[in-house]
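Structure assessment
For reference, the chains in residue letters:
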Amino acid sequence: MRKIYIVDDSVKLRKRLYELLSDVDNVQMIGQAGNADQALDEIRVLKPDTVLLDIQLPGKNGIQLLGEIKELQPEIMVIIMTNYDYPQYRHKSIQAGADYFFNKTREFESIIQVLKQ
């Protein structure tokens, strides 16, 4: 069972992801947060296998949080999902340890495919 944690400042998107991914076999939704500080605290405790992470967050951005997650638990799969899929963000995300980088508007189904693997 793959344990998933969602970090996105949009309540609407978190709800949509939560509902959609709850129906995927071998996926368990274990938590969600709208900011980096809450997310890091809960990731320490809940120990997810996979984190779905937005770049644009209040306070600390998603790329900074990505680095902290990978320091904490390098084995966690981190999937960046953003509407800001600029090459410089992609490059920084991959450098910081992102396993995948998707545009959450155009590549939403790709996230689901990765989680099914």
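These remarks concern the structure in this document. (Residues numbered from 1 in each chain as written. Predicted model: local features only at pLDDT ≥ 70, side-chain atom pairs only at ≥ 80, totals over all residues. Heavy atoms only, no water.)

1. Details of the overall build of the protein chain
Each helix and strand in the protein chain was counted, giving 5 helices and 5 strands. Each helix (α) and strand (β) of the protein chain, taken in turn from the N terminus, gives the series β-α-β-α-β-α-β-α-β-α. Relative to its length of 117 residues, the protein chain is compact, with a C-alpha radius of gyration of 13 Å against a globular reference of 13 Å. For the protein chain, the C-alpha atoms occupy an extent of roughly 35 × 30 × 25 Å along the three principal directions. In the protein chain, buried positions account for 46% of the 117 residues. The long-range share in the protein chain, meaning contacts at least 24 apart out of those at least 6 apart in sequence, stands at 64%. With an accessible surface of roughly 6,100 Å², the protein chain has 46% of that area assigned to carbon and sulfur atoms. Looking at the protein chain, you have 15 positive and 17 negative side-chain charges, and the mean spots of the two groups are 2 Å apart. (Helix = DSSP H or I, 4+ residues; strand = E, 2+ residues; numbered from the N terminus. Rg over C-alpha atoms; globule rule 2.2 N^0.38 Å. Buried < 20%, exposed > 50% of the residue type's maximum accessible area, 1.4 Å probe, protein only. Contact = heavy atoms within 4.5 Å. Areas by Shrake-Rupley, 256 points an atom, 1.4 Å probe, with all protein chains shown as cover. Lys, Arg positive; Asp, Glu negative; His and termini not counted. Charge placed at Lys NZ, Arg CZ, Asp CG, Glu CD.)

2. Thoughts on the nonpolar core
It is characteristic of soluble globular proteins that their nonpolar side chains tend to be buried jointly. Counting residues in hydrophobic clusters, the biggest one holds 20 residues, and the most contacted among them are Val-7, Val-51, Leu-53, Leu-65 and Ile-69. Listing elements by their share of this core, those giving two or more residues are strand 1 (2–7), helix 2 (36–46), strand 3 (50–53), helix 3 (62–72) and strand 4 (77–82). For Leu-53, the residues in contact, after removing those within four places along its chain, are Val-7, Gly-62, Leu-65, Leu-66, Ile-69, Val-78, Ile-79, Ile-80 and Met-81. (Core = buried A, V, L, I, M, F, W, Y, C linked by side-chain atoms within 4.5 Å.)

3. A look at unusual backbone geometry
Even without being glycine, Asn-26 reaches a positive phi, approximately 60 degrees. With respect to the secondary-structure elements, Asn-26 resides in the loop between helix 1 (11–22) and strand 2 (27–33). Even without being a glycine, Lys-47 presents a positive backbone phi close to 50 degrees. The topology assignment puts Lys-47 in the loop between helix 2 and strand 3.

4. Considerations on the packing of aromatic side chains
Going through the model one piece at a time under the given rule, you end up with 3 aromatic pairs. Between Tyr-84 and Tyr-86, the aromatic rings sit 6.2 Å apart at their centres with planes inclined by 45 degrees, giving tilted as the arrangement. Since its relative accessible area comes to 40%, Tyr-86 is described here as partly exposed. One aromatic cluster is present, built from ring pairs that chain together Tyr-84, Tyr-86 and Tyr-89. Cation over ring: Arg-16 sits above Phe-108, and NZ or CZ is 4.1 Å from the ring centre. (Phe/Tyr/Trp six-rings, centres within 6.5 Å; stacked < 30°, edge-to-face > 60°. Lys NZ or Arg CZ within 6 Å of the ring centre and 35° of its normal.)

5. Details of the packing of helix 1 against helix 5 (residues 108–116)
Where helix 1 contacts helix 5, the axes come no closer than 12 Å and their chain directions differ by 45 degrees. Classed by the angle they form, the pair helix 1 and helix 5 counts as oblique. Between helix 1 and helix 5 lies a crossing whose hand is right-handed. Taken together, the residues of helix 5 that come into contact with helix 1 (itself represented by Leu-13, Arg-16, Leu-17, Leu-20 and Leu-21) are Phe-108, Ile-112 and Leu-115. Across the contact of helix 1 with helix 5, the residue classes break down as 7 nonpolar, no polar and 1 charged. (Axes fitted to C-alpha atoms, helices over the stretch in contact; angles between N-to-C directions. Parallel < 35°, antiparallel > 145°, perpendicular 65-115°, else oblique. Left-handed = near helix turned anticlockwise from the far one by under 90°. Nonpolar A, V, L, I, M, F, W, Y, C, P; charged D, E, K, R; others polar.)

Nothing here speaks to function; it is all geometry.
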